[in-house]
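Summary of structural features
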Amino acid sequence: GAVVSQHPSWVICKSGTSVKIECRSLDFQATTMFWYRQFPKQSLMLMATSNEGSKATYEQGVEKDKFLINHASLTLSTLTVTSAHPEDSSFYICSAGRRDHRRETQYFGPGTRLLVL
Amino acid sequence: KQEVTQIPAALSVPEGENLVLNCSFTDSAIYNLQWFRQDPGKGLTSLLLIQSSQREQTSGRLNASLDKSSGRSTLYIAASQPGDSATYLCADTNSGGYQKVTFGTGTKLQVIP
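Residues numbered from 1 in each chain as written. Chains lettered and ligands numbered in written order. Predicted model: local features only at pLDDT ≥ 70, side-chain atom pairs only at ≥ 80, totals over all residues. Heavy atoms only, no water.

A closer look at the packing of aromatic side chains
For the coordinates displayed, the defined rule picks out seven aromatic pairs over all chains. Note on F108 of chain A and F36 of chain B: the rings are 5.2 Å apart at their centroids and 85° apart in plane angle, and the pair reads as edge-to-face. One end of the pair, F108 of chain A, is in strand 10 (residues 103–108); the other, F36 of chain B, is in strand 4 (residues 30–38), on a second chain. Comparing F108 of chain A with F36 of chain B, the two get one shared label, buried. Ring centres of F36 of chain B and F103 of chain B lie 5.8 Å apart, and the angle between their planes is 40°; this geometry places the pair in the tilted category. Placement of the pair is F36 of chain B in strand 4 and F103 of chain B in strand 10 (residues 101–103), with a sequence separation of 67 residues. The pair formed by F36 of chain B and F103 of chain B is uniform in burial state, with each residue classed as buried. One aromatic cluster is present, formed by Y36 and F108 of chain A together with F36 and F103 of chain B through successive ring pairs. (Phe/Tyr/Trp six-rings, centres within 6.5 Å; stacked < 30°, edge-to-face > 60°. Helix = DSSP H or I, 4+ residues; strand = E, 2+ residues; numbered from the N terminus. Buried < 20%, exposed > 50% of the residue type's maximum accessible area, 1.4 Å probe, protein only.)

See the structure below:
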């Protein structure tokens, strides 16, 4: 159990376009979902935390108007990179929180690699 | 602020060797610690998760230990194989009210046939 999927796994787009990435918890309901970003040769950094039905909480330095997060249901969160530019090229990973042992454990999706030309 | 460090940053070993990857964290107030594998251009694969109350977890040729008091975790890989070549990441979840996962810097492992 605790499977998280992401779609698409790969996306290449032109500069200026918007890209939507989906994150789904397949076999559990996730009240909280998290979005991470990984630049080449760096570790994963938390971008934002989203709770179902409320606005996302963004980490310092992450532009909320550029990275739109919608947590529409208990099994789906989307990240939209608006007006993408080459510097947004990165590896984006989501995680979904499931309550285990009276505390949430994050389960990670496989990631989405974005390349902006 | 939690900091997670992994040493070495890169490791190359001949096939068949046993090896140890190290992970250290500055704040011992953790809820759990996970080890992941990341293949080039791919996502994360969860390997082992150790709860704060546990000392170790085992899965096949992998054994992960946790020593909260010293702020360390190790991942032991027995009888390494070329297919084990990947980047290994450790990540801890804090035990505070606001859940936060902090990833380590990773160890890039190459197992030479």
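Brief notes about the sheet that holds strand 6 (residues 56–59) of chain B
Residue and element names in this part refer to chain B. The strand order 1-3-8-7-6 describes an open sheet built from five strands, whose pairing is antiparallel. Each edge of the sheet is formed by a strand with only one pairing partner; in this case those strands are strand 1 (4–7) and strand 6. Pairs of neighbouring strands in the sheet enclose a mean axial angle of 15°, with direction left out of account. Both strand 7 (residues 62–67) and strand 8 (residues 72–77) contribute to a ladder of six bridges, which runs antiparallel. When the bridges of strand 8 are listed, N63 appears paired with Y76. (Pairing = 2+ DSSP bridges. Axes fitted to C-alpha atoms, helices over the stretch in contact; angles between N-to-C directions.)

A look at the interface of chain A and chain B
Tallying the contact residues gives 20 residues for chain A and 23 residues for chain B. At the boundary of chain A with chain B, total buried surface from both sides reaches about 1,700 Å², with 47% on carbon and sulfur atoms. Summed over the shared surface of chain A and chain B, the result is one salt bridge. Here chain A is connected to chain B by two residue pairs in polar contact (both at pLDDT 80 or more). Of all elements in the fold, only strand 4 (32–38), strand 5 (45–51), strand 9 (90–100) and strand 10 of chain A reach the threshold of two or more residues within the side of chain A that touches chain B. Looking at the side of chain A that touches chain B residue by residue, the classes come out as eight nonpolar, seven polar and five charged. (Contact = heavy atoms within 4.5 Å. Buried area = accessible area lost by both parts, 1.4 Å probe. Salt bridge = Lys/Arg side-chain N within 4 Å of Asp/Glu carboxyl O. Polar contact = N/O pair within 3.5 Å; in protein donor to acceptor, adjacent residues only side chain to side chain. Nonpolar A, V, L, I, M, F, W, Y, C, P; charged D, E, K, R; others polar.)

Focus: unusual backbone geometry
Of note, the bond from H7 of chain A into P8 of chain A is cis; its omega dihedral lies within 30 degrees of zero at 0°. Tracing the chain through its elements places P8 of chain A in the loop between strand 1 (4–7) and strand 2 (10–13). Of note, the amide linkage connecting I7 of chain B to P8 of chain B takes the cis form, showing an omega dihedral of 0°. The phi dihedral of S83 of chain A falls on the positive side, at around 45°, and the residue is not glycine. Along the chain, the position of S83 of chain A falls in the loop between strand 8 (76–81) and strand 9.

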